[in-house]
Structure formats: C-alpha cells, structure tokens
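Structural characterization, general
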Protein chains: 2
Amino acid sequence: MVTPTRLPASGEFIQVPCGEVVTEAGVHIPDVQLRLYAFYDAAKGDNDYPDFSAGPVPGLPVEQRPIILIEHALTGDGNATDWWGGMVGPSKPIDTTRYLVLCANVLGGCQGSTGPCSPHPDGKAWGSRFPGLSIRDMVVAEKQMLDALGIERVHAVIGASMGGARALEWTLMYPEMVATALPIAVSARASAWQIGLQSSQIRFIEADPHWHGGDYYGTGETPSHGMGQARRIAHLTYRGELEVDERFGVEAQHGENPYGPYRDPGQRFAVESYLDRQAEKLVERFDAGSYVVLTDALNRHDVGRGRGGMNAALGSSQVPTMVAGVDTDILYPFHQQEHLSRNLGDFIGLSKITSPTGHDGFLTEERQTAQVLQKFLTKAYLLDGEDSAS
Amino acid sequence: MVTPTRLPASGEFIQVPCGEVVTEAGVHIPDVQLRLYAFYDAAKGDNDYPDFSAGPVPGLPVEQRPIILIEHALTGDGNATDWWGGMVGPSKPIDTTRYLVLCANVLGGCQGSTGPCSPHPDGKAWGSRFPGLSIRDMVVAEKQMLDALGIERVHAVIGASMGGARALEWTLMYPEMVATALPIAVSARASAWQIGLQSSQIRFIEADPHWHGGDYYGTGETPSHGMGQARRIAHLTYRGELEVDERFGVEAQHGENPYGPYRDPGQRFAVESYLDRQAEKLVERFDAGSYVVLTDALNRHDVGRGRGGMNAALGSSQVPTMVAGVDTDILYPFHQQEHLSRNLGDFIGLSKITSPTGHDGFLTEERQTAQVLQKFLTKAYLLDGEDSAS
C-alpha cells in the first residue's frame, strides 16, 4: 500500500532511509539511503492516450495505480525520464498517467544513494572501506526502501543491463512483492568474457596512481586517466560495430591526419576523438569508486549462486517474466536471453530488438523498445489484472 | 624463377636484404631486412599423401614447385610451422612436398625483420624514429624481398587477420606477381570499431611511463604494464565469448575468492588469471614498439585509399581470390567477408568456419581450416595450372 504523502513530487526525488544493509559477503552498511524518483501525472483528456487493448485507466488516484519499478543500468540514475525519456511519461509506453513509476539510484552508486563517495559514519568518504556488492545486495537495499515507503507489491519491475540483472534477482529474492518482470539485454550470470573485460576496466582504474587504493577522496586527485581507459573499452562493448562504423568509418578527425609519416597521438581518427569525448564525459559525471563497485557487482552477477545452479534458479522462478534483447549485442549476446527464455519458470515471451547499435539498442531503438514495453505491460495487466493497484 | 641456392634450408631462415623501403607517407627506411623462412620437403611415398583431385605432384624439384607465400598475423612470425603446424608440412593442407612455402616476418616486426627495435644506421634502436607503416608498406618490402630472391610470381598468397590484409594488398598492388589469393578473417578496410579498440591499445602503451615516447630501448625499462593492458583487451577480441565462457565461466581462480567482502585485486576470477598469463606471455616475447607500429598499420588498412574507394578498389582486382572467415568473429565480423565476396573483381568462393572461438578460429578449428585450404588450393591449381611452377 503506497502512502502518497511519503512520495516525492512527480519528477522529483527524496532520500529514502533504508536502514542497515548486510551484504551477501557479510559486511554491515549502516544508515543506507537511496535516492528515489517518482513519476506520476494527472490525465488530461482521453484523446491524448494511445488505445491500449488492456491496461489501467488513465488518471486513477496515485495510491490506486499499479507501481512500476524501473531499474537503471551501470552509469544511469534514478531520473528515468532523463535517460529513458521516450519510454516514461504521459502517453509514453510506461504511461505516467496510468502508473506510479519509481526509480532509485542504485546502492553503491554516486548519484544520491549510499556509495563509496558517501560519508562514512566517521564523516570521511567510505572509499576503500565500502564493501564489494553483489546484485543481490542492491536488491536488498531496494526492498528495504519499499518497506520504508509501505509498498508491499509492485506491478512490474523493468530494467536493462545491470538493471535487468536486478530485475531478475527481484523475481528470485522477493517473488511475493513482484507481479511481473521484464529484464532486458542481460543474462542469468556474468560470462567469463564479460568478467575478463570488466575486470580489466577495474584494473585500469586501480592502476592509476590517483586512485590511491580507492581513497582518492579529499586528495585533490581523481583517477581520470584510468576511468578514461575503462570507458573507452566499455563504450565499444555498448555500441555495435555496425553503428560505430556507419558514423565514423576510417575518417580522420577534422584537421588531423592519422595517416602521416609517424605515429602521432595528436593525429587522430574521428572515432578516437569520439571515444575521447565519451571518456571525458564519464569522468566528469561519475565517481570512479562507484564505477569499480558496480562493475565488480556485474562480475558477481549469478542467479545460480547458492540456489543449485543457474538453471535450477531460473526454473524456480514463479514470477511471470518476459525477456528482451538486442540482436547485435556483444556484451550480453542474444543467445543469453534465449537461454533465459528456455529456463525461466514462468516465461511469458521473448522479444528481439533489431539494431546496428548493439547493447545500447534499448536506449537508441525507441520505436522497437516501445513495442516491447507495450506488449509486456499489456501482458502484465492481463496477468496482474485488477489486483494490480496496490 | 626461384634460385634454390638463395633459399634457407627447409624450416630455417635467412635474412633477406630488401634495400630501401619508402613508406606511403614518404619516409625512407634504408637497408631493410626481412627474416624469411622456407618450408619444402622431399616426397617419401605416395601413400603418405592425401588424394587431392588436382594439385601439383609431390616431390617436384624445389625450383619447379609452385610457391605459396604465407602472411602471418599481428604477433605471428615467419616460422609458419610453429603457429600453423596443422596446416603446413608434409601431407598437410599446405603440403611442403608439393609446394615451396615461404613466410617472412613482417616489416615493422620484432622477430628478425627491420622494425622499431632494430638498429638504425646510427647504431641505436630506431625507436620513435621508425615511421608509421601502412599494410601497403609491408607488401612493398615483401615485393622487394621476392625481387631479391629472383621470384617473379607466386602461385598463391594466403594470410589471416593482418596477414589477410597483406594478401589483399598483394592482389591490388602486384597482380602480375600473384596467381591466386586467400585472405582469411579480414576486411577491405579497418572498421571504426576496430580503430577504436586498437587505438585504445596503442594509447595504453604510450601512457606507460616506461614507454619513454617510444625510445625505451636501452633504458632498462619496458612498458610491460601498458602492453599487458593492451593484450588483455586484444585477446578478448580474438577469442569468442562462447569459448571463453565454456572454459572459465564464473569460476574463481584456484585458492582465490572474488566474491569476498571487499573488492581485492588479489582475489581473481579464473578468467582474470588466464588474461594475466596472456599478458605476461606477450610482454616476454613481443616488442612494444612493434606492437604499436603494427597495430597502427591495422588502423590504416584501407584498400580503397587513393583507388577511388573501397568497392572500386575491390572491383578492380584481377587476381582470383577466395575469402574465408569465422562466424563468431567480433573483430572482423563475417559480414565483412561477405562484403569482400560481393565486391571482389575475380571472386572464386566464400567459406565460413563455424566455431565458438571467434577470430582465432583460423588457428583453433584445424579440420575446417584444412578444408578451406584444400578447397582453395584445388581451385588455385585449376586456375593457375601447369603455369604454376615458377
């Protein structure tokens, strides 16, 4: 039962005190806060709304609306309309006149929730004292957040990439609280190839002398070189080679000549300049400590741990779950979503987004992603029905 | 016309003086040497040989045998029986009782041919004075090597990856010297995605303080950290995620626990340990200066440069060319070989190696690669026929 007075104004956030979180590996994190955004709009007129064959009525009072919990990806945050603006809003596939939409910055993050750059009880940053997290630890914190808000059940949990990993864990850890789920572009566990790439990225940061063993806060230095190295590689796993090649090909950066007589780092291809910008942008907006903790959590992602193995765990799922992926994703190849489809205990559909963009297709292919969401929400309504209002 | 007395003993190498090479970008490299291996065996008995439907007679005198020029990949070398032992030898697909097989270490390499670690005329290492190379510059050096040996024509040029890029350039630069060609797991030009990954690797090395701007030779320091970073990433583009995951999954390295309470670089997944070994092995056997020059040359690979564009260049090819690739290759995806098949001027076939291994499938899938080579050599014999003996 949601208590609207405890919610932030629509599009705003509150800091939700979630109490102590005990990690899977046994570390106690006291006084966890998650930064929670809520999105809910009043209905304007019927003509503004797509004619879904089934779904909740626009303009229900907020406390009667089905709740959708959105789980963001690695460097995303709780402000879902910022990074998924085409999907979340009035008359959008996740229609904020029909649903109460919640999205919290993840535990371990750096955008308002407790993480390595947050103050430890002693007043200094957590830094290297912040524990290693699993995806499950993140979900524990979110469960405690819903408890604090008085929310006992959500209509749907939806997330892609690291958000999809949390959505899967929600269905296995707290099935009584989740009516339906849609994990996108994710797998039942990290693959060794992902771990190889992701652990390399972590090492790039750890090898930067400005990292100071994870305690760079307050030193006046930031491991921006290592973060940049990590981001260059990560970005190329998020973006498909077809899309990158269509944009940049073998073009030289304007005014530079990478075909000159001597190798010269100042003479770049256009794609190098693009990656430079990606690296700079992430360094500006994201904390290296969070990047390490969240990337390590992706390495630890394994629904099978302690549950008799991956397929046994998936088979035990009792939450109706639809799965989606992108055909050209090299980070979470589509065969991983096919694997989920074969093994989930209550599987309700598999959708493929076709795109040159790779993993990020769930962000870039708006029309197809909207179709996936609409199909899922229609199914969710039929399955969860009138009981969906909390 | 090969002059056998100028050849090394079979399985041995000689240093071939190739004169001055002038690079595409205008730098003169004096006194280039290439390290050349030759492989040719006497026939033993007819029963030892596979029954090819067509092909040269085993045991022809060396000077009458068709010449096959093998082009090695980035960190390969002239000793083709070392890295392609299943493909080259008596009764092997590239049968050394039927062919005279030549394979030279590439210009810019570090295994006997002139490169950044070779002595400059002033006696010190070339280091940062070594020019940027294109794939074409490498082929120029090899052409001058054949000239020095008195070889006017080869029956076939065969190479994979960077070797495939050289094979393609051979057909466009010196078609009169090449009867047939088989480029494997390569493309008409670098893709922006490759350039992004490859230029990142170069930067990892250049950012290592032990690189000394390319002049680390004689300092007692080597940029092994940067090389290791580069190799970790490169290796994951050579090896398919299916194969890596089959081998390592989410297993912890023996005696270590990556699932512990705190992120700890000493507590590794098995795949991290594997990548550590790959990095260490390359650092031991390969020069960082060569790695930078050759990787930069891959970035510069573009058959279309100065030839009216990629497809015009391919269309102008008059050398019968067969193409092969690996279905799971993410570095040179199979659609790139399909592109070659649609555009090559004298295209004679496309073969796909099916493998979980990715790019390295041409090394690991011996049975399929042998089939590709046998099919190609049969076609080459039918096309080049009796004229094939130089």
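Residues numbered from 1 in each chain as written. Chains lettered and ligands numbered in written order. Predicted model: local features only at pLDDT ≥ 70, side-chain atom pairs only at ≥ 80, totals over all residues. Heavy atoms only, no water.

1. Some details on the UniProt feature "binding site: substrate" (unreviewed entry) in chain A
All names here are of chain A.
- The UniProt record marks Arg231 and Asp360 with the feature "binding site: substrate" (unreviewed entry), using the residue numbering of this structure. These annotated residues cover 130 residues of sequence, and their C-alpha atoms lie no more than 14.4 Å from one another, placing them together at a single site.
- Arg231 sits in the buried class, given a relative accessible area of 8%.
- Setting aside chain neighbours within four positions, we find Arg231 in contact with Thr75, Tyr238, Gln278, Ala279, Leu282 and Arg285.
- As for its placement among the helices and strands, Asp360 is situated in the loop between strand 10 (347-353) and helix 11 (361-364).
- In this structure Asp360 comes out as buried when scored by relative accessible area, which is 10%. (UniProt positions renumbered as here; feature names shortened; annotations may be inferred. Buried < 20%, exposed > 50% of the residue type's maximum accessible area, 1.4 Å probe, protein only. Contact = heavy atoms within 4.5 Å. Helix = DSSP H or I, 4+ residues; strand = E, 2+ residues; numbered from the N terminus.)

2. Examining the UniProt feature "active site" (unreviewed entry) in chain A
Residue and element names in this part refer to chain A.
- The residues that UniProt annotates with the feature "active site" (unreviewed entry) are Ser161, Asp329 and His359. These annotated residues cover 199 residues of sequence, but their C-alpha atoms sit close together, with the largest distance between any two at 10.8 Å.
- Following the sequence through the fold, Asp329 ends up in the loop between strand 9 (321-326) and helix 10 (334-343).
- In this structure Asp329 comes out as buried when scored by relative accessible area, which is 4%.
- Setting aside chain neighbours within four positions, we find Asp329 in contact with Ala185, Phe334, Gly358 and His359.
- At 2.8 Å, the side chain of Asp329 forms a polar contact with the backbone nitrogen of Tyr332.
- Overall, the relative accessible area of 2% leaves His359 in the buried class.
- Among residues more than four places away in sequence, those in contact with His359 are Ser161, Ala185, Thr237, Tyr238, Val326, Asp329, Leu331 and Tyr332. (Polar contact = N/O pair within 3.5 Å; in protein donor to acceptor, adjacent residues only side chain to side chain.)

3. A few points about the relation of the copies chain B and chain A
- Of the transformation placing chain B onto chain A, the axial shift is 0.0 Å and the rotation is 180°, giving an RMSD of 0.0 Å. Interpreted geometrically, this transformation is the action of a two-fold axis.
- When the interface residues of chain B are mapped onto chain A, 100% of them again fall at the interface, so both copies present the same face. (Least-squares fit on C-alpha atoms with pLDDT ≥ 70 in both.)

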